[in-house]
Amino acid sequence: MSYYDIDSILTDAEKIPCTFQLDIPDLGYLDNNPGQALKSGTKIALPLWLAEMLAIANLGDDIDQDKSFVSFELPAAVGNDVVQALKADPRAVPLRDQSPHFYGLATHMMDLSEEQELGSVLRKTFVTRAAEIALHARKVGGTTGSKGGPAEEASNLGVGGAGEEFLRGLDEWERKLFRKAHDGSKAGKEWMDSVKKR
Amino acid sequence: MPMYGDLGNKLVQHAKRTQNLTHLPPYQAELVRAVAREVRDLDKDVASLLDPFQGSFDPSTDQATACTLLVNHLSMRRNKRCLLAYHRTRTDKLEELVWNGYDVLDLSAQKTRGANSMTAGADGGTSSLSPQEEDYVRQYGDLLAAYKGQWTDIDLTGSLEPPRDLFIDVRVLKDAGEIQTEYGAINLTKNSQFYVRQGDVERLIAQGYLQKLG
């Protein structure tokens, strides 16, 4: 997660639902009301780069008065519905539809909130899906070299439809994993072929 | 709802696309200018917000202003990150192209010529690089040449594949003039074909003047 990391920057652009805790005269434009005051209690979806700092900035010197500019809720992408679906079967949820940077968003939310369960659900999700990704990465475009013969090739073609559906639901991080796994097995096969030729 | 930082985000999306391309898409001069303008506007806002306080602003007494200042500051910081990341992505790509032996300036000039003939010069002969980037490439190329010059018997940017044959057939795609080889001079005119030593022409193949046959 470097400063220059493009995916990290795009992750920070994901929006989360926030509620302003005080009246602010100059920020009406955030609620599409330039020139008007932003009222306390207004709900606005703010990008993470803004929401994060506004939420952790503490007002005043009063320590027991734990109040900040905005309070936030978990975005729908890591909300209860999605978590329940992930618990049921991680492979059945198209993460990309929730957010193209699902894991990045989720880890950010874990830093910000005290959601206990999210971490373990995410870990299980990634491990289960990673195995599935590795499986698909080996299959795509690599049927010719397999030892299984025509029978296995046919079965590969059979899963193609469902596999595509799964692969379309990968978030950016998983896509990278898929590409690495795919390139790796392809390079391995190419090397084996070049060794045989000699 | 257009918001501060939206333009910067567009720039980063361009960068994201650039990462997956083999060539370098046109420099988004207009967007870069707009983001820089946004930063200047925000800075002006901050200055006018702070002006009445005469340098004695206390955030805890005026929380609304403090919040506005924070939002403005974060927006500027966000824009800065977007700008830097966009340019860094492009220079990374340029460096890669230089190491691979492409004549970047020549390539971008050619593309412009090609594009202009189709769009009838709608862009007024702009290259896909910004003037600063062209400068960067030129100087990086010089730097790389100086670095490579330390070792005369090793070509650092040469191919890592061991050649199968010492001699190869090549076809000339673009006029490249006369080159000197151990076996005398060869005049590389377009569409002619030669049987030459691979080491003599490797550079020209990488630059797209020659095509390897067979």
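Each remark here, short or long, concerns the structure printed above.
Basis of the calculations
- Residues numbered from 1 in each chain as written.
- Chains lettered and ligands numbered in written order.
- Predicted model: local features only at pLDDT ≥ 70, side-chain atom pairs only at ≥ 80, totals over all residues.
- Heavy atoms only, no water.
- Helix = DSSP H or I, 4+ residues; strand = E, 2+ residues; numbered from the N terminus.
- Buried < 20%, exposed > 50% of the residue type's maximum accessible area, 1.4 Å probe, protein only.
- Contact = heavy atoms within 4.5 Å.
- Areas by Shrake-Rupley, 256 points an atom, 1.4 Å probe, with all protein chains shown as cover.
- Pairing = 2+ DSSP bridges.
- Axes fitted to C-alpha atoms, helices over the stretch in contact; angles between N-to-C directions.
- Core = buried A, V, L, I, M, F, W, Y, C linked by side-chain atoms within 4.5 Å.
- Domains from an automatic or database assignment.
- Buried area = accessible area lost by both parts, 1.4 Å probe.
- Salt bridge = Lys/Arg side-chain N within 4 Å of Asp/Glu carboxyl O.
- Polar contact = N/O pair within 3.5 Å; in protein donor to acceptor, adjacent residues only side chain to side chain.
- Nonpolar A, V, L, I, M, F, W, Y, C, P; charged D, E, K, R; others polar.

Enquirer: Give a description of the overall build of chain B that names residues and reports values.
Expert: Looking only at helices and strands, chain B features 6 helices and 5 strands. The order of α-helices and β-strands along chain B, N terminus first, is α-α-α-α-α-β-β-β-β-α-β. For chain B, the proportion of its 214 residues judged to be buried stands at 36%. Within chain B, contacts between residues at least 6 apart in sequence are counted, and of these 64% link residues at least 24 apart. Taken as a whole, chain B presents about 13000 Å² of accessible surface, with 52% of it coming from carbon and sulfur.

Enquirer: Describe the sheet that holds strand S2 (residues 43-47) of chain A, naming the residues involved and giving the relevant values.
Expert: Residue and element names in this part refer to chain A. Strand order in this open sheet of 3 strands is S2-S1-S3, and the pairing throughout is antiparallel. Taken across any chain shown, the strands that pair with only one partner, and hence form the sheet edges, are S2 and strand S3 (70-72). Neighbouring strand axes in the sheet, compared pairwise and without regard to direction, differ in orientation by 45° on average. One ladder, built from 5 bridges, connects strand S1 (residues 15-20) with S2; its direction is antiparallel. Following the sheet pairing, lysine 15 is matched in S2 by proline 47. Of the strands in this sheet, S1, S2 and S3 touch helix H2 (residues 48-56), which is tilted by about 110° from S2.

Enquirer: So, the nonpolar core: which residues are in play, and what are the values?
Expert: A:Phe20, A:Leu27, A:Leu46 and A:Leu54 are the most contacted members of the largest nonpolar core, which has 42 residues in total. Each of domain 1 (1-73) and domain 2 (77-198) of chain A contributes no fewer than three residues to this core. Aside from chain neighbours lying at most four places away, what touches A:Leu46 is A:Glu14, A:Lys15, A:Ile16, A:Cys18, A:Phe20, A:Leu30, A:Ala51 and A:Leu54. If you look at the next biggest cluster of nonpolar residues, it comprises 14 residues, including A:Ile9, A:Leu10, B:Leu11 and B:Val35.

Enquirer: Lay out the interface of chain A and chain B in plain terms, naming residues and giving numbers.
Expert: In this assembly, 34 residues from chain A lie in contact with 32 residues from chain B. Together chain A and chain B conceal approximately 2900 Å² of surface at their shared face, both sides included; 69% is due to carbon and sulfur atoms. Interface area lost by chain A to chain B is led by A:Tyr4, A:Ile6 and A:Trp49, which between them contribute 24%. Linking chain A with chain B are 3 salt bridges, by the criterion used here. Residue B:Lys16 pairs with A:Glu172 through a salt bridge whose shortest N-O separation is 2.9 Å. Along the contact surface separating chain A from chain B lie 7 residue pairs in polar contact (both at pLDDT 80 or more). Going through the elements one at a time, helix H1 (6-11), H2 and helix H8 (172-197) of chain A are the ones with two or more residues in the side of chain A that touches chain B. When residues in the side of chain A that touches chain B are grouped by element, the largest group, 5 residues, is from H1(A). Its residues placed into classes, the side of chain A that touches chain B shows 21 nonpolar, 4 polar and 9 charged.

Enquirer: Account for the pattern of salt bridges, naming residues and giving values.
Expert: On inspection of all chains with the given rule, the structure shows 19 salt bridges over all chains. Between A:Glu174 and A:Arg129 there is a salt bridge, and its shortest N-O distance comes to 2.7 Å. In this pair, A:Glu174 is assigned in helix H8 and A:Arg129 in helix H6 (residues 117-139), connecting sequence segments 45 residues apart. Pair check on accessibility: A:Glu174 and A:Arg129 agree, each one buried. Across the pair B:Asp155 and B:Lys148 runs a salt bridge, and its minimum N-O distance is 3.8 Å. Classification of B:Asp155 by relative accessible area gives partly exposed; the value is 42%. One salt-bridge network, held together by shared partners, links A:Asp7, A:Arg96, A:Glu172, A:Lys176 and B:Lys16.

All quantities given are derived from atomic positions and should not be read as evidence of function.
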